[in-house]
Amino acid sequence: MRVTIEASSAEAAAPDLPALSALLTDAVESGASIGFVPPLAAGEADAYWRTVVAALREGARVLLVARDAAGALVGSAQLELATRPNARHRVEVTKVMVHTKARRQGVGRALMRAAEEHARRLGRTTLVLDTRCGDHAERLYADGGWTLAGVIPKYARSANGRLDPSAFYYKLLEGDPHDSR
Ligand SMILES: CC(C)(COP(=O)(O)OP(=O)(O)OC[C@H]1O[C@@H](n2cnc3c(N)ncnc32)[C@H](O)[C@@H]1OP(=O)(O)O)[C@@H](O)C(=O)NCCC(=O)NCCS
């Protein structure tokens, strides 16, 4: 699928809120381990996206949105920018989601590439993320050059009530002049 990926400002995200809520609901209802357990309460997705908009305003987040050729929002991902003085080279890639109708067409890969490009542009050279063990996302990350740091058992509750393990990945980009490795 041909997609365009852009970083959204707080203002630009406002008209996308219904589509973003629909995207999150679709992901949660399809069983994704993405911070929520189905069924989502009324307004829960919307309330979540409002916290994202607030983080965009504070400059602590980058929201990437993927659109198809018709302009429909088909996926998103976020960069959470570490703000502590000793961590301003670090970013966490979170909430990588592609609508079930648009999956397996390269949108996830395109979002990950864009996430990396944005991190690099911001001078963020240590990238981290986590995902439920065994999910398709693991393949996406491993193929994208991410390294498995380890697995934490009983990390997040799944829709079936079970506490499932999560896999933690990292990717180091070139470019930090103070890098002592
Ligand atoms: C993970 C996710 C983002 C992948 O998005 P996508 O657009 O379908 O991914 P792509 O089409 O770019 O696929 C990239 C690779 O991931 C793997 N993959 C993705 N979906 C897969 C599936 N259903 N079965 C097997 N492999 C799969 C494959 O290796 C695939 O490459 P290939 O198509 O060349 O074989 C999507 O499945 C999703 O939104 N899942 C729910 C949310 C989630 O779990 N996010 C990750 C945790 S934050």
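Residues numbered from 1 in each chain as written. Predicted model: local features only at pLDDT ≥ 70, side-chain atom pairs only at ≥ 80, totals over all residues.

Next up on the list: the overall build of the chain. When helices and strands are tallied, the chain shows 5 helices and 7 strands. Its helices and strands taken in sequence order, the chain reads β-α-α-α-β-β-β-α-β-α-β-β from the N to the C terminus. A compact globule built from 181 residues should have a C-alpha radius of gyration of about 16 Å, and the chain, at 16 Å, falls within 12% of that. When the backbone C-alpha atoms are referred to their principal axes, the chain occupies close to 50 × 40 × 30 Å. Taking all 181 residues of the chain together, 30% fall into the buried category. Within the chain, contacts between residues at least 6 apart in sequence are counted, and of these 62% link residues at least 24 apart. (Helix = DSSP H or I, 4+ residues; strand = E, 2+ residues; numbered from the N terminus. Rg over C-alpha atoms; globule rule 2.2 N^0.38 Å. Buried ≥ 20, exposed ≤ 12 C-beta atoms within 10 Å, placed from the backbone. Contact = placed C-beta atoms within 7 Å.)

All right, on to the nonpolar core then. Of all hydrophobic cores here, the largest spans 40 residues; its most connected members are Leu-64, Val-93, Val-107, Leu-111 and Ala-115. The greatest single-element share of this core, amounting to 7 residues, is contributed by helix 4 (residues 107-121). Contacts of Val-107, omitting those with residues within four sequence positions, involve Met-1, Val-3, Ala-66, Val-74, Gly-75, Val-98 and Ala-102. (Core = buried A, V, L, I, M, F, W, Y, C linked by C-beta atoms within 7 Å.)

On to the pairing of strand 3 (residues 73-81). The sheet contact formed by strand 2 (residues 61-67) and strand 3 spans 7 bridges and is antiparallel. Its bridge partner lying in strand 3, Leu-64 is registered against Ala-77. Between strand 2 and the antiparallel strand that follows it, strand 3, lie 5 residues; Gly-71 among them carries a positive phi value of about 90 degrees. Here strand 3 runs beside strand 4 (residues 90-98); their pairing, made up of 6 bridges, is antiparallel. Within strand 4, the residue paired with Ser-76 across the bridge is Met-97. (Pairing = 2+ DSSP bridges.)

Attention now moves to the sheet that holds strand 4. Here we have 7 strands laid out as an open sheet, ordered 1-2-3-4-5-7-6, and mixed in their pairing. Only two strands of the sheet have a single partner each, and these edge strands are strand 1 (4-8) and strand 6 (147-157). Mean inter-strand twist for the sheet, computed between neighbouring axes without regard to direction, equals 25 degrees. As paired strands, strand 4 and strand 5 (residues 126-132) are joined by 3 bridges and run parallel to one another. Within the sheet, the bridge partner assigned to Glu-92 lies in strand 5 and is Val-128. Across the face of the sheet, helix 2 (residues 17-29) comes into contact with strand 3 and strand 4 while running at roughly 90 degrees to strand 3. Across the face of the sheet, helix 4 comes into contact with strand 1, strand 2, strand 3, strand 4 and strand 5 while running at roughly 30 degrees to strand 3. (Axes fitted to C-alpha atoms, helices over the stretch in contact; angles between N-to-C directions.)

In the vicinity of the ligand there are 21 residues, among which Ala-32, Arg-103, Gly-108, Arg-109 and His-136 approach most closely. Looking at the shell around the ligand, the elements with two or more residues in it are strand 4, helix 4 and helix 5 (137-143). Residue classes in the shell around the ligand are distributed as 9 nonpolar, 5 polar and 7 charged. (Near = placed C-beta within 6 Å. Nonpolar A, V, L, I, M, F, W, Y, C, P; charged D, E, K, R; others polar.)

Attention now goes to helix 2. Residues spaced three or four apart along an α-helix point in a common direction, a consequence of the helix completing one turn every 3.6 residues. Between its first and last C-alpha atoms helix 2 spans 18 Å; for 13 residues at 1.5 Å apiece the expected length is 18 Å, and the two agree. What helix 2 keeps buried is the set Leu-20, Leu-23, Leu-24, Ala-27 and Val-28. Mapping the buried residues of helix 2 onto a view down its axis gives an arc of 130 degrees, with all of them on the same face. Where helix 2 is buried, its residues contact helix 3 (44-58), strand 3 and strand 4. (Expected span 1.5 Å × (residues − 1). Arc of directions from axis to C-beta.)

Turning our attention to the environment of Leu-127. The residue Leu-127 is located in strand 5 in this model. You can call Leu-127 buried: it has 22 C-beta atoms within 10 Å. Along the chain, Leu-127 and His-99 lie 28 residues apart, while their C-alpha atoms are 24 Å from each other. Aside from chain neighbours lying at most four places away, what touches Leu-127 is Val-91, Val-93, Glu-116, Ala-119, Tyr-170, Lys-171 and Leu-173.

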